[in-house]
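Given next are the chains, with one letter for each unit.
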Amino acid sequence: MNILKQLEEEAIYIIREVVAQFDKPALLFSGGKDSIVLLHLCHKAFLPARIPFPLVHIDTGHNFPETISLRDKLIDQYQVKLHVGLVQDSIDQGKVVEEKGKYASRNSLQTTTLLETISELKLDACMGGARRDEEKARAKERIFSVRDDFGQWNEKLQRPELFDHLNGTIQPGEHIRAFPISNWTELDVWEYIRQENLEIPSIYYAHERPVFKRDGQLMPVTEFQQIDPSEIEIQSVRFRTVGDMSCTAAVLSEAEELDIIIEEIRDSSYSERGARMDDKRSEGAMEERKKIGYF
Amino acid sequence: MNLLRIATAGSVDDGKSTLIGRLLYETGSLKDDQIEHIQEKSTSKGLDHLDFSLATDGLLAEREQGITIDVSHLYFKTKKRRFIIADSPGHIEYTRNMVTGTSNSDVTLLLLDARKGVIEQTKRHFYITQLLGIKKLIFAVNKMDLVEFDQNIFDQIKKQIKVLIEEQNTKDLQVYFIPLSALKGDNLLEKSESMKWYSGGTLFDVIENISLEEPPYKENVLQVQTVIRPKLDEYHDYRGFAGKIKSGSFSLGDTVEVFPSGTKTKIKSIERYGEAKLKVIQGENATLLLEDEVNVSRGDSLFTSSESLIATKTIKAKICWMQENALSIGSKYLLQFGTNKSLSKVTDVSERINVTGNGSEKATSLGLNDIGIASFQLANTIQSIPYQKNKSLGSFIIIDINTNNTAGIGFIE
């Protein structure tokens, strides 16, 4: 069995376990390439039936518009329901406070909105497209990751996960996060996109856009930040990950085709999340966020 | 290109994380920003070299204490092969995490400290690999630089390990012994200049060339995960039994039996993700459609009859216990065999195995990290087959019904 097929089999087995073991599962959908791959795997897992659970999008309000328009197109294509949890609502209700300063981002505010959406929809399992090769704390997480009443990950007391016996037994109030593509690498995701001919947001391909430099990274100019016009330059760039606009850096690139992007990633001397300012905040930035309920 | 899954084992401080970090570095799997980060951290710790363990110890507590607590999954490749390394903790307290890492691996890389040789944890981890049926083992004698690359020391350790293997009396083991220095890079990628007496392959030679073919098992079993029933007009009568081919294979037209009902029918069609197929094999997911309307639900199996699959409500198994609350006679647990679950009661604990010495002792309970033999009475009938005969069907997890935690793993005898 080739590697992509092995990974596909593993992911679909996990997706089916989630659906079979839980009453109210959902797919956490960000609109990025990983969640698009996961959505496609969910579709394949239940053919010829439709996907038997909804998508949940935690919307920071700072999305790339290209991501949102593709999201809506995919919902029609796969005929699946979508719930949107708005970070703006959590801000308006005073549950979270908008960060200030030049590093302000809504990334960490998402956690509150996510946990509220989970409890509102009474979800007991949330699937996500996180991969272990992305980040060192993610490299430690199980396929079925139990979260307590507060959505917290207890990194020191994870359930042993043996062979393919996935233990999804939980107490009321708890939920699990399930990661079907845990063992995929960034390149596997790209190669799968090519193999299955999947549409991804256009911002993954090279395009010209106004950017400014921040700590050696090229950040997109958005309406949400105040940037000195003298700092702004027009560059041909693409994005390697798609998160909140305020914390996702672009890379210089002329790659307008999938084959060339794959070559660029293969040769890149920088890691994928090297372009995520949210991970650069501290040594254990991802772990700290996961402990309080982040993806 | 194929994928090799390697788990590490060995005691704390044997240098596992350093070795793995170094492998990542030497294969170019660490990116510039990650190397810069390690450089920065190493300098701030006052080191004059790169502390490669920082590449794998991902938790704050691990970095703080300088130990590995839980399995870290790392990905790298060479021109010949792709690898997933489950870097597992060496500390006895975290044995359950070591078992987790090893359970999903093809090969175990067991590290030893050249200055210490075979110690208790070597024996324990070797025993666990054999419990899990790992047939390919690499014994890497690390820190050879600290014993002046002395051949005698390596030969002594090799001899000790051979005794260990003989004691276990396990057959068809494929074993490699490599003297190395993870810190200095000797015998990782390049042959060591300081150990010209060693004629075997480097660690890279070994992991790139170790054979992966495993013959499929004889028993043909699909365990049903979910029944696909599209609520769409054109699929009104569609009932697809979806699951993984745990063992063997199925072809169109095969006569299959349903477990536990015993009903027999034929395979009308085989689908994979909506596409019709003639045959599906071990490891593949499939959706089977049957000729007759039979009652099949999640946890049931579709199989072709075999003498090795025994329908039973009692099982005896080797247990590796993974929680503080002991397993004791009379306790009730939920047993999970893949997608099938059954309540159970412990009817007997017959012995606790002394994994670091010889033989076993009488016991009535098993505590955290104990390995022993227990018998269960099940509420439902299951299909039983010894683990050593079929690794894909012969194991189960034990779930604590009060906490829902995975309390242990069992290997059917």
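Structure first, text after, so check above.
Per chain, residue numbering runs from 1 following the sequence as it is written. Following the order in which they are written, the chains are lettered starting with A and the ligands numbered starting with 1. Residue-level local features of this predicted model are given only where pLDDT is at least 70; pairs of side-chain atoms are given and counted only at 80 or more, and the full residue set underlies all totals for whole chains, interfaces and linings. With hydrogens and water excluded, all non-hydrogen atoms of the structure serve as input to the side-chain values.

Caption draft 1: Up close: the interface of chain B and chain A. With 74 residues of chain B in contact, the opposing surface of chain A contributes 61 residues. Across the interface of chain B and chain A, roughly 5800 Å² is buried in total on both sides, 51% from carbon and sulfur atoms. The working definition used for a salt bridge is a side-chain nitrogen of Lys or Arg within 4 Å of a carboxyl oxygen of Asp or Glu. The interface formed by chain B and chain A includes 8 salt bridges. One salt bridge in this structure joins A:Asp164 and B:Lys244, with 2.8 Å as the shortest N-O distance. Within 3.5 Å is the distance limit for a polar contact, defined as a pair of N or O atoms, with the added protein rule that one can donate a hydrogen and the other accept it, and that residues adjacent in sequence qualify only through two side-chain atoms. At the boundary of chain B and chain A, one finds 29 residue pairs in polar contact (both at pLDDT 80 or more). Per-element accounting of the side of chain B that touches chain A gives the leading share, 6 residues, to helix α2 (residues 32-44) of chain B. Under the convention adopted here, Pro, Cys and the residues Ala, Val, Leu, Ile, Met, Phe, Trp and Tyr are nonpolar, Asp, Glu, Lys and Arg are charged, and Gly plus all remaining residues are polar. Grouping the constituent residues of the side of chain B that touches chain A by class yields 26 nonpolar, 29 polar and 19 charged. Contacts were defined at the residue level, with two residues in contact if any of their heavy atoms lie within 4.5 Å. Buried area is calculated as the accessible area (1.4 Å probe) missing from two parts once they are joined, with the contributions of both summed. By the criteria applied, helices consist of DSSP H or I runs no shorter than four residues and strands consist of E runs no shorter than two, each listed in order from the N terminus.

Caption draft 2: Up close: helix α1 (residues 16-26) of chain B. Residue and element names in this part refer to chain B. Accessible area is worked out with a 1.4 Å probe on protein chains only. A residue is then buried under 20% of its type maximum, exposed over 50%, and partly exposed in between. Among the 11 residues of α1, 9 are classified as buried, and the element is accordingly described as predominantly covered. For α1, the full list of buried residues reads Lys16, Ser17, Thr18, Leu19, Ile20, Gly21, Arg22, Leu23 and Leu24. Check the buried side of α1 and you find it contacts β1 (2-9), β2 (72-77), β3 (81-87), β4 (107-113) and α7 (203-209). A positive backbone phi angle near 70 degrees is found at glycine 28, which sits one or two residues after α1.

Caption draft 3: View of the nonpolar core. For the purposes of this section, nonpolar cores are sets of buried Ala, Val, Leu, Ile, Met, Phe, Trp, Tyr and Cys residues that join through side-chain atoms within 4.5 Å. Residues B:Leu109, B:Ile138, B:Phe139 and B:Leu203 are the most contacted members of the largest nonpolar core, which totals 73 residues. Domain start and stop points were drawn from an automatic or database domain assignment. When residues of this core are assigned to domains, at least three map to each of domain 1 (2-209) and domain 3 (310-412) of chain B. Residues contacting B:Leu203, with those up to four places away along its chain left out, are B:Leu19, B:Leu23, B:Leu109, B:Ile138, B:Ile178, B:Leu180, B:Asn187 and B:Leu188. Listed in part, the 64 residues of the second largest apolar core include A:Ala45, A:Ile51, A:Val80 and B:Tyr273.

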